[in-house]
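One letter stands for each residue in the lines below.
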Amino acid sequence: MHRYAVILAGGSGVRLWPLSRESMPKQLIPVLKGKSLLEAAFERLEGVIPPERRWACGGARYETVVRAKIPAIGRYIGEPEGRDTLAAIALSCALVRKEAPDAAVAFLTSDHVIEPVERFREALRAAFATAEAHPDTLMTFGVAPTFAATGYGYLELGEQLRKRGSDPFLQMAAEEAGANAAVRRVRRFREKPDLGTAERFVAEGPAHYLWNSGMFVFKASRLLELLAKYEPAIAEAIERIARAESSEEQAALMRDIYPTITKKSVDYGIMEPASQDSDVTIACVPLDLEWKDIGSWNAYGSLASPDSQGNRAMLAAAHSPRRAEGTPTAQDRPETLFVESTGNLAVTTDPSHLIAFLGCKDIVVVHTQDATLVCPKNKVEELKKLYPFVSQQHKE
C-alpha cells in the first residue's frame with residue numbers, strides 16, 4: 001500500500017508572541033533540545049513512512065527555511081495565504097492522489113510534543129491498516145483529557161469498530177498497533193465546549209470522550225469525494241489547481257485561486273457533517289501516551305520542571321537569525337529570582353538577563369531582544385487580541 005504523511009505547518013503562532021514571529025513561527029523555533037517541533041514531527045514518522053512520502057504544507061514564505069532544516073523532506077506544499085486546515089488537507093489529498101491514486105494519507109500536526117514516539121508509531125500503523133481495509137472510513141486520533149479544556153474539540157466515542165477476531169484486516173491493525181489500541185467509532189465531533197460541558201465530558205471519562213488531536217488518516221480519494229459532497233465550491237477550486245500540467249501553471253493557479261477559497265477547518269467542513277452522514281464511518285485510535293499541544297505559554301511552560309512553589313523558568317531559542325548559532329534550548333534555565341511568588345513562568349532568549357518576581361502569582365513574563373510580554377496565566381489564550389495592536393503599531 002502507498003502510505004503518505006503530510007505535516008500541517010501553517011499558522012504564525014500568535015499565542016506564542018513575542019518568541020514566535022511572522023518571520024519565524026512557533027513550529028520552526030528550536031525548542032526541543034535544539035530541534036524544532038516541525039523537525040520532531042518529521043522524525044516521528046521514521047520507520048512508518050519513507051522520507052520521500054513525508055510532505056509538509058505551510059506558508060510559501062517558509063519553504064526555504066523548512067528545506068534547510070529538513071533536507072530529506074519529500075515535498076513542501078507552499079500556501080500563498082493560509083486558508084485554514086480544510087483547504088490545506090484537500091489540496092494535499094489532490095496532489096497525493098495525482099501521484100498515487102489509491103494512497104492513504106496521514107495528516108499530522110507540527111506543534112505537538114508526543115511521547116513515547118514508538119507508541120505513536122504503533123497507533124499510526126493501526127490507523128493506516130484500518131483505513132486501507134475500510135476505504136470509506138475516516139480515521140482520527142483521540143487523547144485522554146487531563147483537565148476540562150475549553151480550547152480543544154472532543155470526540156464522542158461509540159462502540160469498537162467490530163471485534164478484532166471477526167475481521168482479519170482489523171486483526172492486522174490491532175497487531176500493528178499493539179495490544180492497547182482498540183479502534184472505536186466516533187459518534188460525534190464536539191467543537192470547543194464551554195467550561196460546564198467540558199467538565200461533564202471529563203467526568204464521563206476517556207471511554208466516552210477524548211480530546212480531538214487534530215490528526216487524521218484516510219484515503220485521499222475518499223476525502224475528495226466528501227469534499228465534493230459537502231463543500232463543492234472548495235472542491236472545484238482544489239481540482240483546478242491539482243489539474244495543472246506543469247509546476248509553473250500550478251504556481252500561477254495557487255496565486256490566483258487559493259487565496260479565494262473559503263476559510264474553514266476540516267472539523268467543520270468534513271468531520272462534523274460526516275459524523276451525521278449515514279454513508280460515512282468515522283473511527284478513532286485512542287492515544288495512550290503523553291500529548292502536549294504547544295499552542296500557548298501555559299503549554300510551552302509545561303516543558304520545564306517547576307520549583308517547589310510551582311514557578312518555571314525557560315531559556316528559549318531566539319527568533320532572530322543573528323542568534324542562530326549556539327542558540328539555547330527550552331530545557332536550559334535562565335537567570336531568575338522568585339521571591340514570595342508562586343505559579344509563575346519566566347521565558348527569556350538572553351541567558352545573562354535576570355528576571356525577578358516579587359509577590360507575584362500566576363504571571364507570565366516573556367523577554368526577547370526587542371519585545372517583552374507580561375500577562376496573567378489566565379489570559380494567555382487571548383493573545384490574539386493583542387496581536388493586531390502589535391502588528392499595526394510595531395510592524396518591524
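All figures in this text were calculated on a predicted structure; none of them were measured in a lab.

### Brief notes about the overall build of the protein chain
For the protein chain, the helix and strand inventory stands at twelve helices and 19 strands. Relative to the compact-globule value of 21 Å for 396 residues, the protein chain shows a C-alpha radius of gyration of 21 Å, a close match. Counting only C-alpha atoms, the protein chain reaches 60 × 50 × 35 Å along its principal axes. Here the protein chain holds 396 residues, and the buried ones make up 54% of them. In the protein chain, 69% of the contacts between residues at least 6 apart in sequence involve partners at least 24 apart. For the protein chain, the accessible surface area stands at approximately 17,700 Å², while carbon and sulfur atoms represent 49% of it. Looking at charge distribution, the protein chain has the averaged site of its 48 positive side-chain charges lying 1 Å from that of its 52 negative ones.

### Regarding the side chain of Arg 83
Position of Arg 83 among the secondary structure elements: in the loop between β5 (75-79) and α3 (84-99). In this structure the side chain of Arg 83 is engaged in a polar contact, spanning 2.5 Å, whose partner is the side chain of Glu 81. Among all residues touching Arg 83, those that are not within four sequence positions of it are Tyr 258, Pro 259, Ile 261, Thr 262, Lys 263 and Lys 264.

### A closer look at unusual backbone geometry
Between Trp 17 and the following residue, Pro 18, the backbone shows a cis peptide bond with an omega angle of 10 degrees. Cis peptide bonds are those with omega within 30 degrees of zero, and the linkage from Glu 115 to Pro 116 qualifies with -5 degrees. A positive phi is found at Glu 340, a non-glycine position, where the angle reads about 50 degrees. Considering the arrangement of structural elements, one finds Glu 340 in the loop between β15 (336-339) and β16 (345-348). Of note, the phi angle at Asp 362 is positive, near 55 degrees, even though the residue is not glycine. Examined against the element boundaries, Asp 362 turns out to sit in the loop between β17 (355-358) and β18 (363-367).

### Let's talk about the pattern of salt bridges
Pairing is possible between side chains of opposite charge, provided their charged atoms come close. Applying the stated criterion across every chain yields a total of 24 salt bridges. Close ionic contact of Lys 229 with Asp 279 constitutes a salt bridge, the shortest N to O distance being 3.9 Å. You can see Lys 229 sitting in helix α7 (residues 220-230) and its partner Asp 279 sitting in the loop between α10 (266-275) and β12 (281-287), a full 50 residues away along the chain. Since its relative accessible area comes to 54%, Asp 279 is described here as exposed. For Glu 382, the salt bridge goes to Lys 379, with nearest N and O atoms at 3.6 Å. The class for Glu 382 is partly exposed, based on a relative accessible area of 30%.

### Quick word on the confidence of the model for the protein chain
Summarising the model, the protein chain shows a mean pLDDT of 88, and 90% of its residues fall at 70 or more. When pLDDT is averaged over each element of the protein chain, β17 comes out on top at 98 and helix α5 (residues 168-177) at the bottom at 54. Within the model, the stretch residues 319-331 combines pLDDT values under 50 with 29 contacts to residues more than four positions away or in other chains.

### Quick look at the environment of Tyr 62
Mapped onto the fold, Tyr 62 is located in the loop between β4 (54-59) and α2 (63-69). A residue is classified by how much of its surface remains accessible, and Tyr 62, at 8% relative accessible area, is buried. Measuring from C-alpha to C-alpha, the distance between Tyr 62 and Glu 249 comes to 21 Å, with 187 residues separating the pair along the chain. Those residues in contact with Tyr 62 that sit more than four places away from it in its chain are Glu 22, Ser 23, Pro 25, Leu 28 and Tyr 76.

### Regarding the nonpolar core
Judged by nonpolar contacts, the single largest core of 74 residues is most densely connected at Leu 124, Phe 141, Val 217, Trp 297 and Tyr 300. Formed by 53 residues, the second largest nonpolar core is a distinct cluster that contains Trp 55, Leu 155, Leu 157 and Leu 253.

### Let's talk about the pairing of strand β10 (residues 184-190)
Bridging between strand β9 (residues 154-160) and β10 involves five bridges; their strand directions are antiparallel. What sits directly across from Leu 155, in β10, is Phe 189. Bridge analysis of β10 against β12 gives two bridges, and the strand direction is antiparallel. Bridge pairing in β12 places Arg 184 opposite Cys 284.

Rules behind the numbers
- Residues numbered from 1 in each chain as written.
- Predicted model: local features only at pLDDT ≥ 70, side-chain atom pairs only at ≥ 80, totals over all residues.
- Heavy atoms only, no water.
- Helix = DSSP H or I, 4+ residues; strand = E, 2+ residues; numbered from the N terminus.
- Rg over C-alpha atoms; globule rule 2.2 N^0.38 Å.
- Buried < 20%, exposed > 50% of the residue type's maximum accessible area, 1.4 Å probe, protein only.
- Contact = heavy atoms within 4.5 Å.
- Areas by Shrake-Rupley, 256 points an atom, 1.4 Å probe, with all protein chains shown as cover.
- Lys, Arg positive; Asp, Glu negative; His and termini not counted.
- Charge placed at Lys NZ, Arg CZ, Asp CG, Glu CD.
- Polar contact = N/O pair within 3.5 Å; in protein donor to acceptor, adjacent residues only side chain to side chain.
- Salt bridge = Lys/Arg side-chain N within 4 Å of Asp/Glu carboxyl O.
- pLDDT = per-residue confidence, 0-100.
- Core = buried A, V, L, I, M, F, W, Y, C linked by side-chain atoms within 4.5 Å.
- Pairing = 2+ DSSP bridges.

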